[in-house]
Structure formats: C-alpha cells, structure tokens
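The residues making up each chain are set out below.
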Amino acid sequence: MDQETWTAVDGYLTKKLIPPDAALDAAQAATAAANMPAISVSPTQGKLLELLAMTLHARSILEIGTLGGYSTIWLARGLAPGGRIVTLEKVPSHADVARANIARAGFADVVDLRIGSALDTLPQLAAEDREPFDLVFIDADKQNIPAYFDWAVTLAHAGSMIIVDNVVRDGDVINDDTEDTGTQGVRRFFDRLSTSALVTSTAIQTVGVKGYDGFAVSIVN
Ligand code: SAH
Ligand code: DHB
Ligand code: MG
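Here is a short report on the structure shown in this document.

Reading the values: the criteria
- Residues numbered from 1 in each chain as written.
- Chains lettered and ligands numbered in written order.
- Predicted model: local features only at pLDDT ≥ 70, side-chain atom pairs only at ≥ 80, totals over all residues.
- Heavy atoms only, no water.
- Helix = DSSP H or I, 4+ residues; strand = E, 2+ residues; numbered from the N terminus.
- Rg over C-alpha atoms; globule rule 2.2 N^0.38 Å.
- Contact = heavy atoms within 4.5 Å.
- Areas by Shrake-Rupley, 256 points an atom, 1.4 Å probe, with all protein chains shown as cover.
- Lys, Arg positive; Asp, Glu negative; His and termini not counted.
- Charge placed at Lys NZ, Arg CZ, Asp CG, Glu CD.
- Near = heavy atom within 4 Å.
- Polar contact = N/O pair within 3.5 Å; in protein donor to acceptor, adjacent residues only side chain to side chain.
- Nonpolar A, V, L, I, M, F, W, Y, C, P; charged D, E, K, R; others polar.
- Buried < 20%, exposed > 50% of the residue type's maximum accessible area, 1.4 Å probe, protein only.
- Donors = N, O, S within 2.8 Å, 3.2 Å for Na, K, Ca; no water.
- Patch = residues over 30% accessible without salt bridge, like charges linked within 9 Å, V, L, I, M, F, W, Y side chains within 5 Å.
- Salt bridge = Lys/Arg side-chain N within 4 Å of Asp/Glu carboxyl O.

1. Focus: the overall build of the chain
Each helix and strand in the chain was counted, giving 8 helices and 7 strands. The C-alpha radius of gyration of the chain comes to 17 Å, within 12% of the 17 Å expected for a compact globule of 221 residues. In terms of its C-alpha atoms, the chain occupies a principal-axis envelope of roughly 50 × 45 × 30 Å. When contacts within the chain are restricted to residue pairs at least 6 apart in sequence, long-range pairs at least 24 apart make up 70% of them. When the accessible area of the chain is evaluated, it comes to approximately 10,600 Å², of which 56% is carbon and sulfur surface. Taking the 17 positively charged and 28 negatively charged side chains of the chain as two groups, their mean positions are separated by 5 Å.

Below, the structure is given as structure tokens:
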C-alpha cells in the first residue's frame, strides 16, 4: 500500500461520512489562498476531534496551534452548549486567516484566539482564574511538545483528554539518531509518558491524505 491508496481511501471515507460543508471548505480555501501550509488535520481526523469532544461533553477546550482554524472549527462543533475554546497561534497572519474562518463558521463568540508563542501564552492562561480544560489538542511546533504537554496536564482535570498530533512522523519516531528537532521533541514526550503517573496514554499510527503519522491520546488520572 502506498500514498496513492491512502489518499484514495481517505477520499472514499470522506465522501461517505463527511458531507460537503461550506464553512470548512471555505476555511481550507482561504488557508490555501493565503499560502499557508497544507498541514491542517484531515477531514476524517477533524471529525474524530468533534466526536471526542462530544464524548467528553467538553465545555472548555484548549488548542495549541491554530493555523487557519480548520481543526478549531471541528472542535467547536463538538462543544457542549455554552462551551468555549481557547486556541493559541504564534503567527499573526495565521491568526488573521483563522479569525475570519472561525467567524464564517459561526463560532466568533465561542473561540478565544490568542496570538503569541504558546510558551508565553500558556503561563498567562495558567495565571487566569478559569475552569480547567476538558480537552487539549496539541498541534504546534513539535520540539516543544513536552512543555506543551506539561502545561496541558496543569490546565486540565482528572478525566480530561490530551491529544497530540504528529507523533509518528513517517516512522522517524523510532530513529534514535534523528536530527529532526520535531522528532526529538516527540521522543522526549514519549519518554515522559513512559514514566508519568499523571496520565494514562496510548498512541495510534495513521495513514491517509497526510501520509504516515499518528496521534497520542492521554487521559489525566
Ligand atoms: N491545528 C491546525 C494546524 C496547526 S499547524 C489544524 O489542524 O487546522 C501548526 C501551527 O502552529 C502553525 O500555524 C504555526 O504557526 C503554529 N505554531 C508554531 N509554533 C508555535 C508556537 N511556539 N506557539 C504557538 N503556535 C505555534
Ligand atoms: C507539519 C505540522 C503538522 O501539525 C502536521 O499535522 C503535519 C505537518 C509540519 O510542520 O510539517
Ligand atoms: Mg498536526
């Protein structure tokens, strides 16, 4: 099996399970038109995020890495009534595109988009008096995944879910000598999970339109 098959099967699954959607399609078109990278979650992954948010009856979600807001819109759809999302984005031009996409999807009042490096905005968030997050989706720069994960645990509660994207990286995750700083971050993250008593975790390999990758899922103990 190769990329062509994975892409075709993702196309089939998307056609069967995910009806054409004006807001999501417009978000992807605007992200591409702004020459931003095509690294959003896929439609089937986005819908999984929605379903997980629904399962958790999530009222508060934290996303690290907004890009054009495609995953943000999926997460927003899974929120319980009255729920809110905080999403963190470093690049102001990405945030501009995301803000417009999120507004077009009808979630302007649901999403709190904060511009800045997440290593700066997370401590600010932690200093605020707010309810803990029910779901955290980590999808920004990969070298900082261990730090983001620690903040996620801090900002969560027992039973919260933490999802980390891009943890397989074409299999590079098993390369002890990798020079990819992103993979190094993922490996430090798995080192942490392997000894942490704070969370119960698994990770799943995936293939599809985005190639061969995977995500890690943890529940806070
Ligand atoms: N979650 C998005 C894709 C995110 S791509 C989706 O699925 O639709 C990763 C994003 O993280 C990019 O927009 C990038 O600018 C942002 N990013 C990179 N480093 C960051 C940092 N240190 N703090 C916050 N955001 C960062
Ligand atoms: C990249 C980042 C992602 O979050 C992703 O899902 C795929 C690729 C990247 O930076 O190349
Ligand atoms: Mg990703």
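2. What about the site of ligand 1?
Around ligand 1 sit 21 residues, and of these Val41, Ser71, Glu89, His94 and Ala118 come closest. Residue Leu67 places a main-chain N or O atom 3.3 Å away from an oxygen atom belonging to ligand 1. A distance of 2.6 Å is found between an oxygen atom of ligand 1 and a side-chain nitrogen or oxygen belonging to Glu89. Starting from 590 Å² of accessible surface for ligand 1 in isolation, the protein chains cover 93%. Its residues assigned to classes, the shell around ligand 1 shows 9 nonpolar, 7 polar and 5 charged.

3. As for the site of ligand 2
Near ligand 2 the following residues occur: Ile39, Asp139, Lys142, Asp165, Asn166 and Lys210. Within the contact set of ligand 2, an oxygen atom lies 2.5 Å away from a side-chain nitrogen or oxygen of Lys210. Its free accessible area being 300 Å², ligand 2 has 60% of it covered by the protein chains. Its residues assigned to classes, the shell around ligand 2 comprises 1 nonpolar, 1 polar and 4 charged.

4. What to know about the environment of Ile18
Counting through the fold element by element, Ile18 comes out in the loop between α1 (3-17) and α2 (22-33). With relative accessibility at 11%, the residue Ile18 sits in the buried group. With 25 residues separating them in the primary sequence, Ile18 and Pro43 have C-alpha atoms 7.4 Å apart. Setting aside residues no more than four positions away along its own chain, Ile18 makes contact with Leu13, Pro43, Thr44, Lys47 and Trp74.

5. Details of the coordination of the magnesium ion (ligand 3)
At 2.0 to 2.2 Å from the magnesium ion (ligand 3) lie its protein donor atoms, namely Asp139 (OD), Asp165 (OD) and Asn166 (OD1). Mapped onto the sequence, the donors of the magnesium ion (ligand 3) take the spacing D-x25-D-N. Taken as a pair, Asp165 and Asn166 share a single burial class, namely buried.

6. A few points about a nonpolar patch on the surface
Residues Val9, Tyr12, Leu13 and Leu17 make up a contiguous nonpolar surface patch of about 370 Å² in total accessible area. Note on placement: Leu13 falls in helix α1.

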